[in-house]
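# Notes for the structure review
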Amino acid sequence: MTCITRFAPSPTGLLHLGHAYSAITAHDFARAHGGRFLLRIEDIDTTRCRPEYEQAIFEDLEWLELTWETPVRRQSDHFVDYAEALEKLRALGVLYRCFRTRSEIAEASASAPQAGDPTATQDAPILGPISADEEADRLERGETFAWRLSLSCSQDLLGEKFTQLGFRETGAGPNGEQGAISARPEACGDVILARKDTSTSYHLSVVHDDALQGVTHIIRGADLFDATPVHVLLQALLGYPTPIYHHHKLLLGPDGKRFAKRDKSLTLAALRAEGVTPADIRRRVGLPT
Ligand code: GLU
């Protein structure tokens, strides 16, 4: 089996050293295994993504001497694909409409069963659908809604398979999780799969595209480890294979905090302008030159 890896940045800012680590790791893994390396532009959030940042991604990666296959998939060109995947899930009966505003969610979360569970976030509460009457009312009024993935309906549909969801981790999660990991999507709540303002979400489009592009090894930062159970659940629901996951450490800046797009001095563009070389970047992030 040919291994396929990918680097999937969102063009919401300039790439920094953390991105370089991720991109080089995925690239070198594919090259070392005679595999394929893909670049994917994850720009579904059309309000935050900018063409100049997309352009900078290509320039930075070329400068790092990475090579990838073309054409590059740009998610904003494929909203129709995500709508189809969403429809498939809707037909399975595992989605519900969520009209709630942020403040309604905060209020409902406080009294919901998982209140007090530190892993439950306000963005992903288990609230369940509203009554059919209220839903009809709000639809009638033309209120906008998001689509949430119902954990309880997914569990009913998958039965035993739901409890057996899992994935192989060849890197490490934030708490050193490795090897065979059992996926517990319950911790993520009923996540949003299509937002009020965007007809898809990160979870849906990333899972769809990784399957479509045949990605076998997902190499990405440990910050996305906690989202993986949702991805594994979506793969089971949509009939997609579960790839091998390799979550890597997050690089820390001089202040001991994670690199963020706002750390302008550590962007690859700024380092390049200072005369830093691609080999320096590899050394600096602790990868072989
Ligand atoms: N687009 C995501 C980001 O820029 C990464 C997605 C992934 O690797 O799964 O954080």
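Model, not experiment: these values are computed from the prediction. (Residues numbered from 1 in each chain as written. Predicted model: local features only at pLDDT ≥ 70, side-chain atom pairs only at ≥ 80, totals over all residues. Heavy atoms only, no water.)

## A look at the pairing of strand S1 (residues 4-7)
The side chains of a regular strand alternate, first on one face of the sheet and then on the other. Neither face of S1 is exposed, since Ile4 and Arg6 on one face and Thr5 and Phe7 on the opposite face are all buried. Where the polypeptide runs from S1 across helix H1 (residues 17-32) and back to strand S2 (residues 36-41), its parallel neighbour, the crossover connection is right-handed. (Buried < 20%, exposed > 50% of the residue type's maximum accessible area, 1.4 Å probe, protein only. Helix = DSSP H or I, 4+ residues; strand = E, 2+ residues; numbered from the N terminus. Right-handed = clockwise from strand over helix to strand, strands pointing away.)

## Digging into the sheet that holds S2
Each strand in a sheet pairs with its neighbour through backbone hydrogen bonds, running either in the same direction (parallel) or in the opposite one (antiparallel). Taking strand neighbours across the sheet as the criterion, the 3 strands line up as S1-S2-S3 in an open arrangement whose pairing is parallel. With one partner strand each, in any of the chains shown, S1 and strand S3 (73-74) form the two edges of the open sheet. Looking at chain direction, S2 and S3 are connected through 2 bridges and run parallel. Bridging from a neighbouring strand, isoleucine 41 pairs with arginine 74 of S3. (Pairing = 2+ DSSP bridges.)

## Structural notes on the sheet that holds strand S5 (residues 146-149)
If you walk across this open sheet you meet the 3 strands as S4-S5-S8, and the pairing is antiparallel. Both edges of this open sheet fall to strand S4 (95-98) and strand S8 (192-194), since each of them pairs with a single strand only. Recorded for the sheet is a direction-independent mean angle of 45° between the axes of neighbouring strands. For S5 and S8, the ladder comprises 2 bridges, and the chain directions are antiparallel. From the neighbouring strand, tryptophan 147 faces S8, where its bridge partner is alanine 194. (Axes fitted to C-alpha atoms, helices over the stretch in contact; angles between N-to-C directions.)

## Regarding unusual backbone geometry
Omega for the peptide link from threonine 70 to proline 71 comes to 0°, which places this bond in the cis form. On the secondary structure map, proline 71 appears in the loop between helix H2 (51-63) and S3. The phi angle at glutamate 65 is positive, at roughly 70°, despite the residue not being glycine. Locating glutamate 65 in the fold gives a position in the loop between H2 and S3.

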